[in-house]
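Take a look at the letters that make up each chain.
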Amino acid sequence: MYAWPASEVPALPGQGRDLRIHDTATEGLVTLDPGPVARIYVCGITPYDATHMGHAATYNAFDLVQRVWLDTKRQVHYVQNVTDVDDPLLERAQRDDIDWVALAEKETALFREDMTALRMLPPRHYIGAVEAIPGIVPLVERLREAGAAYELDGDIYFSVESDPDFGKVSNLDAAAMRLLSAERGGDPERPGKKNPLDPMLWMAAREGEPSWDGGSLGRGRPGWHIECVAIALDHLGMGFDVQGGGSDLAFPHHEMGASHAQVLTGEFPMAKAYVHAGMVALHGEKMSKSKGNLVFVSQLRRDGVDPAAIRLALLAHHYRADWEWTDQVLQDAVDRLGRWRAAVSRPDGPAAEALVEEIRDALANDLDAPAALAAVDRWAATQEAEGGTDIGAPGVVSRAVDALLGVAL
Ligand code: 5CA
Ligand code: ZN
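If you're wondering where the values come from, they're calculated on a predicted model, not measured in any experiment.

What is the right way to read the overall build of the protein chain from this model?
Counting secondary structure elements, the protein chain contains 13 helices and 16 strands. Since a compact globule built from 409 residues should have a radius of gyration of about 22 Å, the 22 Å found for the protein chain is in line with a globular shape. Taking the principal axes of the C-alpha coordinates as reference, the protein chain spans close to 75 × 45 × 35 Å. Burial statistics for the protein chain: of 409 residues in total, 58% are counted as buried. In the protein chain, of all internal contacts separated by at least 6 residues, the share reaching a separation of at least 24 is 79%.

Got a minute to help me understand the coordination of the zinc ion (ligand 2) in this structure?
Where a metal carries four tetrahedral donors, each ideal angle is 109.5 degrees; where it carries six octahedral donors, the ideal angles are 90 or 180 degrees. The protein atoms that coordinate the zinc ion (ligand 2) are C43 (SG), C228 (SG) and H253 (NE2), at distances spanning 2.1 to 2.2 Å. The site at the zinc ion (ligand 2) holds four donor atoms, and with the angles between them running 102 to 121°, its shape is tetrahedral. Linear spacing of the donor residues for the zinc ion (ligand 2) on their chain is C-x184-C-x24-H. Taken together, the residues span a long stretch of sequence, with C43 in the loop between β3 (37-42) and α1 (53-71) and C228 in helix α6 (residues 224-235) at a distance of 185 residues. As far as burial versus exposure is concerned, C43 and C228 are alike and both buried.

What is the right way to read the domain arrangement of the protein chain from this model?
A common way to state how big an interface is: give the accessible area lost once the parts meet. Each domain of the protein chain was delimited in the assignment, giving domain 1 (20-286) and domain 2 (299-405). Using C-alpha coordinates to define each centre, domain 1 is positioned 32 Å away from domain 2. With 31 residues of domain 1 in contact, the opposing surface of domain 2 contributes 25 residues. Carbon and sulfur atoms supply 55% of the area buried between domain 1 and domain 2, which totals about 2500 Å² over both sides. Viewed at the interface, domain 2 and domain 1 are joined by four salt bridges. The closest approach of N and O atoms between D63 and R311, which form a salt bridge, is 2.6 Å. Summed over the shared surface of domain 1 and domain 2, the number is 20 residue pairs in polar contact (both at pLDDT 80 or more).

Please clarify how the packing of helix α11 (residues 353-364) against helix α12 (residues 369-386) should be interpreted in this entry.
Two packed helices can be described by the angle between their axes and the distance between those axes. One way to put it is that α11 packs onto α12 with a least axis distance of 7 Å and a crossing angle of 165°. In terms of axis orientation, α11 runs roughly antiparallel to α12. Once α11 is placed against α12, the crossing between them reads as right-handed. Contacts between α11 and α12 involve L355, E358, I359, A362 and L363 from the first element and A369, A371, A372, A375, V376, R378 and W379 from the second. A breakdown of the residues in the contact of α11 with α12 according to their chemical character gives 10 nonpolar, no polar and two charged.

Mind showing me how you'd approach the site of ligand 1 here?
Taken together, 24 residues surround ligand 1, and among them G44, T58, T83, D248 and K289 come closest. Residue G44 places a main-chain N or O atom 2.8 Å away from a nitrogen atom belonging to ligand 1. The separation between a nitrogen atom of ligand 1 and a polar main-chain atom of M287 is 2.9 Å. Elements with a minimum of two residues in the shell around ligand 1: α1, α6 and β10 (240-246). Counting residues per element, the shell around ligand 1 draws most heavily on α1, at four residues. Its residues assigned to classes, the shell around ligand 1 shows nine nonpolar, 12 polar and three charged.

Would you mind going over the sheet that holds strand β5 (residues 125-128) with me for this structure?
Hydrogen bonding along the main chain pairs the strands of a sheet, whether they run parallel or antiparallel. Taken together, five strands build an open sheet; the order of strands is β5-β4-β3-β10-β11 and the sheet is parallel. Either end of the sheet is taken by a strand with one partner, and the two such strands are β5 and β11 (271-277). Strand-to-strand twist in this sheet, taken as the mean axis angle between neighbours without regard to direction, amounts to 20°. Taken together, the four bridges between strand β4 (residues 75-82) and β5 define a ladder with parallel strand orientation. Residue pairing across strands places N81 opposite I127, the latter belonging to β5. With respect to the sheet, α6 is in contact with β3, β4, β5 and β10, its orientation differing from that of β4 by roughly 155°.

Quick question: what am I supposed to make of the environment of F240 here?
Relative to the elements of secondary structure, F240 occurs in strand β10. For the pair F240 and L89, spaced 151 residues apart in the sequence, the C-alpha separation amounts to 29 Å. Residues in contact with F240, not counting those within four places in the same chain, are R39, Y41, A232, M270, A271 and K272.

Whenever I open this one, the sheet that holds strand β12 (residues 280-282) confuses me. Can you help?
An order of β13-β12-β14 is seen for the three strands of this open sheet, with the pairing classed as mixed. With partners counted over all chains shown, the strands left at the sheet margins are β13 (285-286) and β14 (323-324), one partner each. Sheet analysis places β12 next to β14, joined by two bridges and oriented parallel. Bridge assignment links A281 to a residue of β14, and that residue is E324.

I would appreciate a short explanation of the packing of aromatic side chains in the present structure.
Aromatic ring pairs are described here by two measures, namely the spacing of the ring centres and the angle between the planes. Inspection of every chain in the model, using the stated rule, returns six aromatic pairs. The interplanar angle of 80° and the centroid separation of 5.5 Å between the aromatic rings of W4 and Y126 together place this pair among those described as edge-to-face. Taken as a pair, W4 in the segment before β1 (20-23) and Y126 in strand β5 lie far apart in primary sequence, 122 residues in all. In this pair, the class of W4 matches that of Y126, namely buried. Seen from their ring centres, Y150 and Y157 are 6.0 Å apart, and the 20° between their planes marks the pair as stacked. When its relative accessible area of 0% is taken as the criterion, Y157 is described as buried. Three or more aromatic residues joined by ring pairs make a cluster, and in this case those are W4, Y59, F111 and Y126.

Calculation notes
Residues numbered from 1 in each chain as written. Chains lettered and ligands numbered in written order. Predicted model: local features only at pLDDT ≥ 70, side-chain atom pairs only at ≥ 80, totals over all residues. Heavy atoms only, no water. Helix = DSSP H or I, 4+ residues; strand = E, 2+ residues; numbered from the N terminus. Rg over C-alpha atoms; globule rule 2.2 N^0.38 Å. Buried < 20%, exposed > 50% of the residue type's maximum accessible area, 1.4 Å probe, protein only. Contact = heavy atoms within 4.5 Å. Donors = N, O, S within 2.8 Å, 3.2 Å for Na, K, Ca; no water. Tetrahedral: all angles 85-135°; square planar, octahedral: opposite > 155°, others 65-115°. Domains from an automatic or database assignment. Buried area = accessible area lost by both parts, 1.4 Å probe. Salt bridge = Lys/Arg side-chain N within 4 Å of Asp/Glu carboxyl O. Polar contact = N/O pair within 3.5 Å; in protein donor to acceptor, adjacent residues only side chain to side chain. Axes fitted to C-alpha atoms, helices over the stretch in contact; angles between N-to-C directions. Parallel < 35°, antiparallel > 145°, perpendicular 65-115°, else oblique. Left-handed = near helix turned anticlockwise from the far one by under 90°. Nonpolar A, V, L, I, M, F, W, Y, C, P; charged D, E, K, R; others polar. Near = heavy atom within 4 Å. Pairing = 2+ DSSP bridges. Phe/Tyr/Trp six-rings, centres within 6.5 Å; stacked < 30°, edge-to-face > 60°.

Okay, structure coming up:
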């Protein structure tokens with residue numbers, strides 16, 4: 001499916017930096033060394049409700065990854081999916097008595113608008129689960145032929161024991177895995193499974209639910225993890241640079257996906273770094289569609305909030321931190337945007353070359369956006385207090401803030 005329009009990324013003077021980023025699998029910082037084309041897969045939305053600040057924060061983190069790479073003059077091959085058929089989507093459509101396809105299309109369209117407004121660069125390939133089904137079926141068939149999958153009352157499960165490297169993404173013990181599996185879409189209690197953690201690859205058609213021809217698998221629909229694996233392998237291949245998502249995806253989603261891919265290809269690892277963004281909360285609890293404690297990007301836009309201020313509110317938090325959305329967070333961002341715009345509206349100002357390097361250093365250091373904002377704050381404060389004589393410096397600052405942080409001043 002089509003993604004959304006790209007905003008322009010101004011070229012900057014000087015040299016970009018190689019990105020050092022936290023990898024969940026090795027539990028430390030890794031300096032990535034992508035070739036001329038960096039490859040990244042970021043898990044997309046399940047489109048049954050509007051984009052909330054938690055989603056926006058996670059996509060902001062990976063937009064920064066893309067911008068750091070672009071600044072090194074690399075191309076970026078970015079792939080994102082849309083989980084446009086899954087239990088939560090079907091349940092919401094039933095609850096609201098609407099067609100599930102119409103619901104998915106409406107919320108995906110709104111997501112595109114929100115991403116465009118926030119100046120998130122689009123993926124090169126934006127792929128729906130439904131359109132990926134013809135590629136998913138043969139992968140499940142191959143897993144079954146390899147003895148890594150088995151049938152249970154018509155449903156097909158992946159056997160986690162078929163991957164010797166299972167567990168190396170999230171580094172959790174068995175008890176923690178079991179708990180998270182139950183919370184996040186798994187069915188560890190279902191009798192008859194070889195291992196309670198085994199995830200579904202293909203769900204046999206259920207009465208009243210959509211289903212597709214699965215060849216030798218019979219009619220049904222794909223499991224969640226194999227969806228992302230099929231799309232990632234099709235468009236990026238193994239050993240891509242970054243697998244991204246929020247921290248709630250480390251287990252089971254990214255763990256299971258890595259195992260599927262590793263068993264399918266015999267290669268390890270699927271991704272060179274597994275990068276996870278922290279969770280945004282509202283009123284003390286993780287913002288989530290199922291709990292309904294949400295602040296929507298589209299609602300703020302409707303209320304007249306400048307999308308650049310929303311973006312600055314996201315950037316004010318380190319991507320790995322869990323943080324709380326409050327009115328004050330937004331107000332601080334609105335105030336900061338005002339100060340920055342005033343500072344760049346003059347024709348001259350304090351020299352800006354050092355500032356560009358500071359923003360680059362901050363982002364290359366595990367995407368330290370708050371440090372980048374602090375550097376721009378200092379330049380803006382000097383501009384306000386003393387001004388400067390460097391003709392064109394405000395232009396350099398606004399181009400750097402746009403190219404590296406996605407904020408249009
Ligand atoms: N479709 C799947 C991924 S294949 C999915 O998790 N969809 S989602 O709509 O539930 O979430 C989309 C992205 O937003 C995921 O990366 C998820 O980790 C992230 N996310 C969800 N809630 C929050 C939150 N409160 N804070 C930060 N990120 C969040
Ligand atoms: Zn995914």
